[in-house]
Every structure is written in C-alpha cells, then in structure tokens.
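Report on the structure
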Amino acid sequence: MLHATQVTLSKRVLAHLDAKTTDTTATLAHNDITAFTSPDRAAREWEQLFLGRPQYLGLSCQIRGVGDYLTNDDLGVPILMTRDEAGKARAFLNVCRHRGARLVDGCGKTGRSFSCPYHGWTYDTSGQLIGIPDRRNFDGVQEATYGLRELPLEERHGMLWVAPRPEIAASPNPELEGLDEELASYGFGEYHHYKTHARRWKMNWKIAIDTFLEPYHFPVLHKNTVGPVFFPNLCVVDGFGQNLREVLPRRSIVEMHHQAEADWDLVEHSAIVYVLFPNIVVVVQIDHHEIWRIYPVGGKADECMVYLEFYIPEPATTDKAVEHWRKNINLTLRTVETEDFPAGEGIQVGLLSGAQDSIVYGRNEPALQHFEKVVGEAVGARPLVGE
Ligand code: FES
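Residues numbered from 1 in each chain as written. Predicted model: local features only at pLDDT ≥ 70, side-chain atom pairs only at ≥ 80, totals over all residues. Heavy atoms only, no water.

**Describing the sheet that holds strand 20 (residues 358-361)**
If you walk across this open sheet you meet the three strands as 20-1-21, and the pairing is antiparallel. The strands lining the two open edges of the sheet, one partner per strand, are strand 20 and strand 21 (385-386). Across two bridges, the pairing between strand 1 (residues 29-32) and strand 21 is antiparallel. The partner of A29 across the bridge, within strand 21, is G386. (Pairing = 2+ DSSP bridges. Helix = DSSP H or I, 4+ residues; strand = E, 2+ residues; numbered from the N terminus.)

Next up, the structure:
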C-alpha cells in the first residue's frame, strides 16, 4: 500500500479513536432473509456471479515453475492451471480429449507434460496433444485439434483469474477498479504458499463473508481469541466499485502518536481486509497474507465451501519456522472455525425459523452494507431498505 494511503487511513483511524467513533453509513439497512434462503436467488448468484464472470483461483506462486499445476472443481467444471515452457500461465478443462478422463488431481509438478491416467494420451504444458499410445489405430485424430480445451486466464498482480467458460474474458476489469495499484503493492506473486485449508459449512456463502466485514462482534464472539488484539467496533471502510477495503486497527496503532508520519506503517498495526467481488476475501496481516475463497456448493443457498490459502514471505524450511506458522494458522482457524462460522451456521438455521422476514445492519457496519448491497444489485434482487 502506498505510504500516502497508509497515512490517510491511519489519520482516519486515530481520529475515530480520539472521538470514540467508527466509519458509519447514513442509515440502518434491512436485508430480506431470502437473500440467504431462496433457491431462486441462489441460482441467479451461481449463474451470474460464479459461472458468468472471471474468478480468482490462486496466486502465481502456486504455479511458479514450468509444469507446476493447480486444480479447481468449485465452478461446475474441472479446471487445471499450469505454467507452460514460455512461462505463460494457462488454464484448461481438466479433461482428456480421448474419452474424457480427469488428467490430474490437487496440485503438484508434472514436468513437461501431462499423461492421462486412463490410456496414456499425453499433453504438453501448453495443452497440445503430443502423444497417443498405439497411434496407428487413431488415424483420424489430428494432434492440432485434440489439444486440451483452454479457458481464458489472466495473471495480474500475482493473482490468477480464470473464466470458467471459454466465451468469457478472463480480465477482472472493471471489478478491480481503483484497487490495481494497491493490490500490486503487496507483491502477492512473490509470496510462498504455506497451506490451503478446506471445509464445507451449512450456511449461505455470503454469511461466511459477512463475518469478515465488521468488528462490532470482536469483543463478544472473540473475547478469548483475537478480540483483545483489535479495537472493538472501529473500522475504516471504502468501496471500490463492487469491491471494498476495510481497515481493522490493532490496539498497537496508538504507538503512531509517538512516531513521525514518515515512519507510520499501517499494515503493522492493523488487519486490512479486501473483498474482491464476489467471493474473495484477502486479509493482509503483519507478516503473512490470507486469501479466503468461498463458494456456494453446487449453487445451493444453504451450503458453502470455504478455502483458506495461507501465504508467507519465505518458505518455512526450519522446525522453528514450521512451528511459528502452525501456531499462526491455528489461531486463525480457531477464531474462524470455532467462533465465526459456527455462529454463521446458527444464523442460517435462524433465518429459516420464521423469526423474522429481514435482518438489520447497523450504521456501524458499512462494509457489510456495501457487500450485501452490491451482491443484491448484481443479481437484480430487492434492494436493501434503509431507515
Ligand atoms: S481417456 Fe485419456 S487416454 Fe483415454
């Protein structure tokens, strides 16, 4: 993040601390519970927000070398990403052109080619078919037309954006409007993938994202974990088109009162949360980055799949480093998986109980209001109702 931006945001935080305030919206907002329970609404979100636009699927460092590969199965089609011999990141349907077998699972390093586990057809890292066992019995098959089916991929700021359908452009513009320079400043592509943790939850995908979007709950739900680290109910929020940035200040930020502005480091004294529309939550922490990918399972309203990707600045090559990052990720998971997401599953049950027709977002929850508003607008849903 540019230092000038850090200073501007820090001054907003410090002003709120002095005044005992937080960023607010003009009004409360009510959201119809069908946003989280309606199969029709879920189907529109699935089609328009997940299948119909480019998706962030990983960082460049996950396919740093030629033949490194990464797969994804959350978007209705099996996707394979790899890096070809020219260094270009590519995405394909993870499907053999002989009889449709899956080529690879998970992630790894293939070398110079992918060999189908069924009959051994072989493809190079640019997707070209280069080998057919017993070639004489496939006379009519031309290598040039039996390559892997390619999907559009754009590598930007160390992030891999893939279109799940070939006819869609991979470019995340204008979705990153106003954030390009800021995202580039973090050097995501130079980081190292430490671990990806995956788990399925019985709640709407937006409820999982909502939990990152206000610190109002910190002193209550997180009183025994991260609550004491952050100022409660204090956030600085800015929208960037459909995306947003939320600064959650750590209590240590008061040290800035005794520092020259030139020495201010906002990242050191906060967690900076970005929502990259629609389903990516990036959390920039003091010493690492977390990227959360959250998907409705098969487009369902009440079930989501959550991935936490944990990225660190240097590979963990010593026992001490491994132990450090193990503790770090465990604190993150303990906070989210024993506090936030169980609360989210309870909310999903509560929304279906008939207790209310709508839920209410306070003026002190601006990021939450922004996110729910733009998602609703994108699928033509009933707007949030203010007061
Ligand atoms: S299905 Fe792949 S080689 Fe036969």
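Past the structure itself, the notes keep going.
**A few points about the side chain of D68**
Its place among the elements puts D68 in strand 3 (residues 68-72). Given the relative accessible area of 11%, D68 is considered buried. There is a polar contact of 3.3 Å between the side chain of D68 and the backbone nitrogen of R64. Excluding residues within four positions of it along the chain, D68 makes contact with Q62, I63, M81, T82, R83, G108 and K109. (Buried < 20%, exposed > 50% of the residue type's maximum accessible area, 1.4 Å probe, protein only. Polar contact = N/O pair within 3.5 Å; in protein donor to acceptor, adjacent residues only side chain to side chain. Contact = heavy atoms within 4.5 Å.)

**Side note on the pattern of salt bridges**
Within the structure shown, the criterion is met by 29 salt bridges. The residue K109 makes a salt bridge to D68 at a minimum N-O spacing of 2.6 Å. Here K109 is found in strand 6 (residues 107-109), whereas its partner D68 is found in strand 3, with 41 residues between them in sequence. What makes K109 exposed here is its relative accessible area of 60%. In this structure, E303 and R200 form a salt bridge, with 3.3 Å as the shortest nitrogen-oxygen distance. Taken together, the residues E303 in the loop between strand 18 (289-296) and strand 19 (304-312) and R200 in strand 13 (residues 192-201) connect sequence positions 103 residues apart. (Salt bridge = Lys/Arg side-chain N within 4 Å of Asp/Glu carboxyl O.)

**A look at the nonpolar core**
Within the largest apolar cluster, 69 residues are counted, with the highest numbers of intra-cluster contacts made by M81, W205, F212, L213, W292, I294 and F341. No other element matches strand 19, which puts seven residues into this core. Both of domain 1 (3-53 + 177-386) and domain 2 (55-162) provide at least three residues apiece to this core. Those residues in contact with W292 that lie beyond four places of it in its chain are F212, N279, I280, V281, V283, V306, Y307, L308, T332, V336 and F341. (Core = buried A, V, L, I, M, F, W, Y, C linked by side-chain atoms within 4.5 Å. Domains from an automatic or database assignment.)

**Remarks on the domain arrangement of the chain**
Taken as a whole, the chain is organised into domain 1 (3-53 + 177-386) and domain 2 (55-162). Listed by partner, the interface residues are 26 residues for domain 1 and 19 residues for domain 2. Of the roughly 1,700 Å² buried at the junction of domain 1 and domain 2 (both faces included), carbon and sulfur atoms supply 55%. Our enumeration of links across domain 1 and domain 2 arrives at two salt bridges. Measuring nitrogen to oxygen at the nearest pair gives 2.9 Å for the salt bridge that ties D180 to R156. Connecting domain 1 to domain 2 are 11 residue pairs in polar contact (both at pLDDT 80 or more). Elements with a contribution of two residues or more to the side of domain 1 that touches domain 2: helix 3 (39-51), helix 4 (180-185), strand 13, strand 17 (280-284), strand 18 and strand 19. The residue makeup of the side of domain 1 that touches domain 2, split by class, is 16 nonpolar, five polar and five charged. (Buried area = accessible area lost by both parts, 1.4 Å probe. Nonpolar A, V, L, I, M, F, W, Y, C, P; charged D, E, K, R; others polar.)

**What to know about the sheet that holds strand 16 (residues 270-276)**
With antiparallel pairing, the seven strands of this open sheet are ordered in space as 13-19-18-17-16-15-14. In this open sheet, the two strands that pair with only one neighbour each are strand 13 and strand 14 (236-240). Between one strand and the next, the sheet's axes are offset by a mean angle of 15°, whatever the strand orientation. Summarising the sheet, strand 15 (residues 243-249) and strand 16 pair through six bridges and their orientation is antiparallel. Counted as the bridge partner of V247 is I272 from strand 16. (Axes fitted to C-alpha atoms, helices over the stretch in contact; angles between N-to-C directions.)

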